[in-house]
Amino acid sequence: MNQMGFYFDQTRCTGCYTCVVACKDWNDNPVGVNWRLIKTVENGTFPNLFLAYLSTSCHHCADPPCVKACPTGAIIKRKSDGIVVVNSEKCLGKKDCGSKCLKVCPWDIPQFRDEENSKMEKCNFCVERLEKGQQTICVEACPMFALDVAPLKELQEKYGNICEAEGFDYLEKYKPSIIFKPKLRK
Amino acid sequence: MVGFKIAQEKDGLKIINTGCCHDCGGRCVLRAHIKNGKIIRLETDNEEDPQLRACLRGRAYRQRVYSDERLRYPLRRVGERGEGIFERISWDEALDEVAFKIKEIKKNYGNSAILLVPGGGNQGMLHGIVSHALMLHQIGGYTRMWGAPSYEGALFASMATYGTMMTGNAREDLLNSKFIIMWGWNPANTVWDPGTSLWLAKAREQGIKIVAIDPIFTDSAAILANDWIPIRPGTDTAMLIAMGYIIITENLHDQAFIEKYTVGFDKYKEYVLGINDGEPKTPKWAEKITSVPASIIENLAREYATIKPAALIAGWGPARTMFGEQYSRAANVLCAITGNIGINGGYSSGFMRAYYSRERIVTGGKKKSGPIKLEEEKLKKPRIQDNPIDFGAPPREDSLYKLKGGTNPVNTRIHYNDYYNAILKGKKGGYPADIKMAYIVGTNRLNQFGNVNKGIKALKSLDYIVIFEQFMTPTAQLADIVLPVNTFMERNDVAVPWLGAPYYIFLNKAIDSIYESKSDLEICKELSKRLGVEQNLLDLPEDQILRLLTAPRKDIKSYNKLKRDGFYKVKVEEPFVAFKEQIEDPETHPFPTLSGKIEIYCEHIAEKNNPLMPPIPKYLSHEEHYDSPKAKRFPLQLLTPHNKRRTHSTLHNIPWLEEVEPHNAWINPIDALRRNIKDGDLIDVFNDRGRIRIPAKVTERILPGAVCVYQGAWYNPDKEGIDLGGCANVLTQDSYSPGGAFPLNSSLVEIELASINKKEGDL
C-alpha cells in the first residue's frame, strides 16, 4: 500500500480558516459540519504569550480505530492508497448506531449533520481531485502554502518525520498519516 | 490542468475565470464552477507565481451570492423612516421616482444639496461608485467627501514627508531586509496584497528577525513575528520619538543621508532632545506614556538603526487615531534618519503603495519627478470627469494643496467622518451646503463611520435617501428607496489591486443577475435617460467601456489575455523600491516635495500655523486619550480593528464565516476580574455616545486597559437603543484630526456586566 498522507507546517499557519471554508465550499457542507478543523493553542500570561494553530482533517490512519468500530463495515480503508472513505448507504446513522466511530476517534473527526439519524461524513482526501492529478482543495487553497498531500513516504523524504505538533498528540497504535513542522515554544 | 485557461464546458460544467473584489487588502483569483447556470464550487489561483490565492472571504462567496438575504426587488419605504417596512415596486416606478427627486432637489436647492455617499462595498473599475459618479457629474455634480477612514493619516504624512503616496518596497524585497518591524500591522487578517503574509513567513524562515508592535497579540504578531511588543493604544508616536532620541544621542543616525536627502533634521533633534520644551523624549519619558519598558525601546532603536538594511513598516491602524498623522510622520522620519529609504531591504514607511503604474499623476509614467509648481489656472479649469460642484468650493482646511497628487483645494469638501454635523448644521453651521438628499452607493455608511446614534439622527432629518445595495443593511433600513444591485459574479468588470501590486483581475460574469438585481451600469444607463444626460459614456457597451478604462494602464499588454485568463500578472524584472532614483541620482530626481527633499520639517505644514499640526512629528494627547479627564469616567481604550472573517461590514451575514469567529469584545483578565466578568458573559461596552451588548472574550492577548471590538458587525438596536449587534462605531467619534485621520481607535469606554446577567446573578 502506498499510504497517502498530509503535511502541515504549523509555523506558517496564521489560522485564517481558508482551508476550512474552501473544504466546505467544495463539499457543500453546512455550518457545524467540518471535514477540516482548526484548533487554537494559546498559552502564557500577558505579555509572554504563545499562539499556534493546528489545521487537520481525518488522518487516514494506518490502523484506523473507526474502521474496526463500525458495526456494518461502512468505513473502508482503501487498499491502494490507504484513504479511509465512508459508504453512507451502509452507515446506520448517528442515532441507530450510537456513533461508535466518533467514540473511538481520539481526534473527534467523524461529523454528523444536524438531522435525525444523519450518516457519518468526513474528509475523503478529495479522491475525485487526486484522480484528476489535482491536489486536495485545502492544499490548493492555503495562502501560506502550509499544507501538502502526497504518499506519506514521499512527504517524509521531503519534510522529515516529525509526527507531533502543538495541539496534536501522535498515537502509535493508530499511526495517523500526518507529519508536521511544529511551532516551537521559546 | 482542467479547463483553466479558457472556459470549457465538460459534463455540463463550465469554469469561469473571475475574482473576488471587495474593499479589503486583496484582489484575488476565483474560478467559478458553473452547472445549470449556478455556481456550485469555487477554486482559486494555482497557476504561475505569484499565485493570487483568495482567502476565506472569497472562498465563502457562494453563500453571499445565493444568500436568502439578498435584495430581490426595488423597494419603497412605507413605514416611518428606520422602521424597516418596505413595499415591492417595479424598476420603472423606482427609477422614475429617484429621477424626479433628483431633479426636484436640484431645482429647489441646487446640486450641492445632493450628498454622494460612496463606498467600496461593491466595486470594480466600472461598477460601484464609478458609474454613479460619472452620471451625477453630468447633471451638475454633487457635494462630496474628502478623507478615507482606512488611511487618511498615513496619506497625509506620506504627502507631507515625501510629496507622494508611492512609498515602500515591493513585498518580495522583504527577503533583502535584515530586520523587519511590523508596527500596528496585521496582514495575517487584513491581507495587504495576497502574498504579504507568505513573504513575511519566508523572510522569517531565512533568519530575518521580525518584531511586531501592537496592543493586541494578533495573528501576525504571534505567527509572522519573532517578538511582540505590546503598546498602549494611541501612544505609538511617543515610542517612535523615543527611538529617535536613542538613535540621535547614541550617534546611530545616518548623517550623510540626512544631509544629502532631507530637510529639517535639526528642528526634529531640538524637539527630541527637549531643547525648547525642557522635556527630553527619552525612553523613560516614553515608558510612562506607552507602557513599554524603556530598555525595550532602547534595544529596538539600536537594532533598527544598526542592522542594515531594515524595514520599518508602519501600518494604518495606529494612524486611525486622533493625531494619527503624527504617528505616520514619526515613522517616516525614523526611516529617513537611518538611511533606509530608496534601498533594497529598506523601506520608506508612508502610504505603502510601492508599485506605481496605477498612479500616473504623481511620480509614475514619463513625468519627471521633482517639486511641483502650483498652477492656479490649471486647478480652476475643470476636466471632463471633474465634479462641477467642486469648482469654486473653499479649500479644505489644512490641505497640502501645493503638492500635486495630494489633497488639492478644489476636489474636496466635507470630511467623510463629519457628514452628520454637515447634514444637521448645514451652511448656518459653517458647512458648504444644505444637504437634502443622500445618494448612497455600496456602503453601509451608518455602520462604518463614527457615532452611529448621531448618524441615525442626521440621516432621518434628510428629505430623501436612495441606496444601491445588495443586502438590507442597517443603512439601507433608513432609505426611502432601496435598489438591488448585483454582485461581481453577475457582471463583467476589472479589479485593480488594492495598493497597486503588479497584476489585474478580470471579473468575468459567471452567472445571470439574481432575482431582479441589476448592475450599476445598467441602473445608471436607465437613470441617465430619465435625467436627460446626453453624450453618455455609459451608453457604450460594457466591454467597450472596460477597454477605455483599462487603456491608460500601459502595463496591461493585452486586454484580451486579461479577460481570457481572468488575471494579468505584470512581469517585474526586480523588486520595486520607492525612491531608488531619488537616492541614486538626486540631482535629476529630487523628491516631489516643495524642497525637493524628504521633509522631516515640512514648511508647507508650518504655514498652517496650527499647534495641533506641527511641522515636525510630535506626540500629542487629546480629550479621549488615556490620560484625559474623561478617562476617569471611561477608563478603557477602545480598539476597532479588522478581523479575519469580514471585509469591513461586507460578509458579516455569511454563515460559513460567522462560524469561523464569533463576535465579542476582547478584554484582559485583569480588567475582567475588576468588573466580575467571566469569559463568555454578556457585557455592555458604553460611553456617552452609545452602548453595545456582546459577549466578553477574556484573553491574555490584549493589553490591560484596552478593549477590542472588531469593526463591521451590523448595528441591531433593541427598543432601548442598546445595540445587540455589537457595532463598534456606536462608540466612536464623528470627528477628525487636523491632518484628516479618522479617530476610530481613539474612544474611551467603560464595560460592565449586561443587566441581563446581573439579574441572573441576583436570583
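Quick note: structure is the one above.
This write-up is about the structure you can find in this document. The written sequence of each chain sets the order in which its residues are numbered from 1. Chain labels run from A onward and ligand labels from 1 onward, assigned in the order the entries are written. Note on the predicted model: pLDDT of at least 70 is required for a residue's local features to be given, and 80 or more for side-chain atom pairs to be given and counted; whole-chain, interface and lining totals, by contrast, use all residues. The basis for every side-chain value is the complete set of non-hydrogen atoms in the structure, without hydrogens or water.

Residues and elements named next belong to chain B. Here, patches come from residues exposed beyond 30% relative accessible area and free of salt bridges, joined within 9 Å for like charges and within 5 Å for nonpolar side chains (Val, Leu, Ile, Met, Phe, Trp, Tyr). For the accessible areas, the method is Shrake-Rupley and the probe is 1.4 Å, while residue cover comes only from the protein chains on display. What makes a salt bridge here is a side-chain nitrogen of Lys or Arg within 4 Å of a carboxyl oxygen of Asp or Glu, nothing more. When charges are counted, Lys and Arg contribute as positive and Asp and Glu as negative, whereas His and the chain ends are disregarded. To locate a charge, the coordinates of NZ of Lys, CZ of Arg, CG of Asp or CD of Glu are taken. On the surface, Glu581, Glu584, Asp585 and Glu587 cluster together into a patch of negative charge. Going along the chain from the N terminus, every DSSP run of H or I of four or more residues is numbered as a helix, and every run of E of two or more is numbered as a strand. Here Glu587 shows up in the loop between α22 (580-584) and β21 (598-599). Relative accessibility under 20% of the residue-type maximum defines a buried residue, over 50% an exposed one, and the middle range a partly exposed one, all with a 1.4 Å probe and only protein chains included. Residue classification places Glu587 among the exposed positions, given a relative accessible area of 74%.

This part is about helix α11 (residues 265-273) of chain B. All names here are of chain B. Buried within α11 we find Phe265, Tyr268, Tyr271 and Val272. Seen along its axis, α11 keeps its buried residues to an arc of 125°; they face one direction. When checking whether two residues touch, look at their non-hydrogen atoms; a contact exists if any pair is within 4.5 Å. Tucked inside the fold, the buried residues of α11 contact α9 (236-249), α10 (255-261), β12 (262-263) and α14 (324-337). Immediately beyond the C-terminal end of α11, within one or two residues, lies Gly274, with a positive phi of roughly 75°. The arc in question is traced by the directions running from the helix axis to the C-beta atoms.

Residues and elements named next belong to chain B. Mapped onto the elements of the fold, Pro149 is located in the loop between β8 (145-146) and α5 (152-162). As a C-alpha pair, Pro149 and Gly740 span 591 residues in sequence and 8.9 Å in three-dimensional space. Setting aside chain neighbours within four positions, we find Pro149 in contact with Arg320, Phe449, Phe742 and Leu744.

So, on to helix α3 (residues 91-109) of chain B. All names here are of chain B. Helix span is expected to be 1.5 Å times the residue number reduced by one. The end-to-end C-alpha distance of α3 is 26 Å, a good match for the 27 Å that 19 residues give at a rise of 1.5 Å each. Among the residues of α3, Trp91, Ala94, Leu95, Glu97, Val98, Ala99, Ile102 and Ile105 are the ones counted as buried. Against the buried residues of α3 lie β5 (75-77), β7 (114-118), β15 (437-441), β16 (464-469), β17 (481-484) and α19 (520-531). Immediately downstream of α3, the backbone of Gly110 shows phi near 90°, a positive value.

All right, on to the nonpolar core then. Residue and element names in this part refer to chain B. One finds Ile180, Met182, Leu200, Ile313 and Met489 to be the most contacted residues of the largest nonpolar core, which totals 116 residues. If we skip the residues at most four places from it in the chain, Ile313 touches Leu174, Ile180, Ile181, Met182, Trp183, Trp185, Tyr347, Ser349 and Met352. Take the buried Ala, Val, Leu, Ile, Met, Phe, Trp, Tyr and Cys residues and link them wherever side-chain atoms come within 4.5 Å; each set so joined is a nonpolar core. Ranked by size, the runner-up nonpolar core spans 57 residues in total, among them Met243, Ile246, Ala336 and Ile583.

The amide bond that connects Phe46 of chain A to the next residue, Pro47 of chain A, takes the cis arrangement and shows omega of 0°. Looking at the secondary structure, you find Pro47 of chain A in the loop between β2 (36-45) and β3 (48-57). With an omega of -5°, the peptide bond running from Asp49 of chain B to Pro50 of chain B counts as cis. With phi around 85°, Asp193 of chain B is a residue other than glycine that occupies positive phi space. Among the secondary structure elements, Asp193 of chain B is positioned in the loop between α6 (187-190) and α7 (196-205). Its identity is not glycine, yet Leu651 of chain B carries a phi of approximately 75°, on the positive side. Take Leu651 of chain B: it is sitting in the loop between β22 (636-639) and α24 (655-660). A relative accessible area of 2% places Leu651 of chain B in the buried class.

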